[in-house]
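Reading the structure
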Amino acid sequence: MKDTETLYQHGTLALLVPGLFDGTITAKELLSHGDTGIGTLAGLDGEVVIVDGQAFQAATDGSVNAVNGDATMPFASVHTFDNQLPKTPLAAMTMPAFTTWLQTTAGLKNAFAGIVMTGTFNRVHVRVAPKQTKPYPPLTTATAAQPEFTREDVQGTVVGYFAPALYAGATVGGFHLHFISGDHQFAGHLLDFTVMTGEVTAQVLPNLMLHLPTDNSDFMKADIKLSGLNDAINEAEK
Ligand SMILES: [Zn+2]
């Protein structure tokens, strides 16, 4: 039976803060732990969206590419989508209204949840992290200037997670959502949207499986400072 109760996370957002952008898990390995999720490629090369067991990369030039099985990532989260769960219809609303509404409707507070929302959107606004080369800069430097893209009248899927603020650092506290259009031509880390009509599944995930890149010597030796950590993550990820 498929495990639909586990959030499998490779790496942490905290390790990205000092610039640990080496790819430390292959897409193939990641996809053995789930069919739905988000991440970034080695070198912070764009935004990864995983839908229906397929991984896509939103690249800095605005293109969307299929991710090869041997491509690697420093950070990614996946879960197995539970298609038995009800899909809740939603009214037309903006992204801030959506996250507030969903948090209340699905009772998202103290547990992790995988979010999948399909809909028709008036407007979707995303950004894409730019690829870095070694020696890697800190996350806030790498993400100081990020290309942003907007698409109007688009059908697509929002994929991501809700995490309680308690786990900020390991991940982003609150919502971390990516988008991919139905035609797989437009994708990125969500900044804003206005949805006209759609339906959402919030899949509460009781288990967190955190997999750290212990084969990576830079990771094993790095000083990850707690001071200012969440400010840096929020600056880079919002
Ligand atoms: Zn993101």
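In this report, we go over the structure that sits alongside the text. This one's a predicted model, so the numbers in the text were calculated from it and none came from an experiment.

1. Observations concerning a nonpolar patch on the surface
- Taken together, the side chains of L208, L210 and L212 make up a nonpolar region of the molecular surface, amounting to roughly 220 Å² of accessible area.
- Checked against the element boundaries, L210 lands in strand β15 (residues 207–211).

2. A closer look at helix α3 (residues 95–105)
- Within α3 the residues assigned to the buried category are M95, F98, T99 and L102. Looking down the long axis of α3, one finds its buried residues gathered within 95° of arc, a one-sided arrangement. Away from its buried face by more than 90 degrees, α3 exposes P96, T100 and T104.
- Where α3 is buried, its residues contact β9 (88–90), β10 (93–94), β11 (112–127), β13 (174–181) and β14 (187–205).

3. Description of the coordination of the zinc ion
- Ligation of the zinc ion by protein atoms is provided by H176 (NE2), H178 (NE2) and H189 (ND1), these donors lying 2.1 Å from the ion.
- Between consecutive donor residues of the zinc ion, the sequence gaps follow H-x1-H-x10-H. Here H176, found in strand β13, pairs with H189, found in strand β14; they are 13 residues apart in sequence, far enough to count as distant. Of the two residues, H176 and H189, both sit in the buried class.

4. Quick notes on the sheet that holds strand β5 (residues 54–58)
- Taken in spatial order, the seven strands make up an open sheet running β6-β5-β4-β3-β8-β1-β15, and their pairing is mixed. Of all strands in the sheet, those bounded by a partner on one side alone are β6 (64–66) and β15. Across this sheet, the average inter-strand angle for adjacent strands is 20°, counted without regard to direction.
- Here β5 pairs with β6 via three bridges, running antiparallel. Bridged to Q57 within β6 is N65.

5. Examining unusual backbone geometry
- Following K134, the chain continues to P135 via a peptide bond in cis, the omega torsion being 0°.
- With respect to the helices and strands, the residue P135 is situated in the loop between β11 and α4 (139–142).
- Although it is not a glycine, D153 adopts a positive phi angle of roughly 50°.
- When you line up the elements, D153 lands in strand β12 (residues 148–163).
- Among the residues examined, D153 registers a relative accessible area of 61% and is labelled exposed.
- Phi is positive for H184, which is not a glycine, with a value near 60°.
- As for its position among the elements, H184 is in the loop between β13 and β14.

The rules we used
- Residues numbered from 1 in each chain as written.
- Predicted model: local features only at pLDDT ≥ 70, side-chain atom pairs only at ≥ 80, totals over all residues.
- Heavy atoms only, no water.
- Patch = residues over 30% accessible without salt bridge, like charges linked within 9 Å, V, L, I, M, F, W, Y side chains within 5 Å.
- Areas by Shrake-Rupley, 256 points an atom, 1.4 Å probe, with all protein chains shown as cover.
- Salt bridge = Lys/Arg side-chain N within 4 Å of Asp/Glu carboxyl O.
- Helix = DSSP H or I, 4+ residues; strand = E, 2+ residues; numbered from the N terminus.
- Buried < 20%, exposed > 50% of the residue type's maximum accessible area, 1.4 Å probe, protein only.
- Arc of directions from axis to C-beta.
- Contact = heavy atoms within 4.5 Å.
- Donors = N, O, S within 2.8 Å, 3.2 Å for Na, K, Ca; no water.
- Pairing = 2+ DSSP bridges.
- Axes fitted to C-alpha atoms, helices over the stretch in contact; angles between N-to-C directions.

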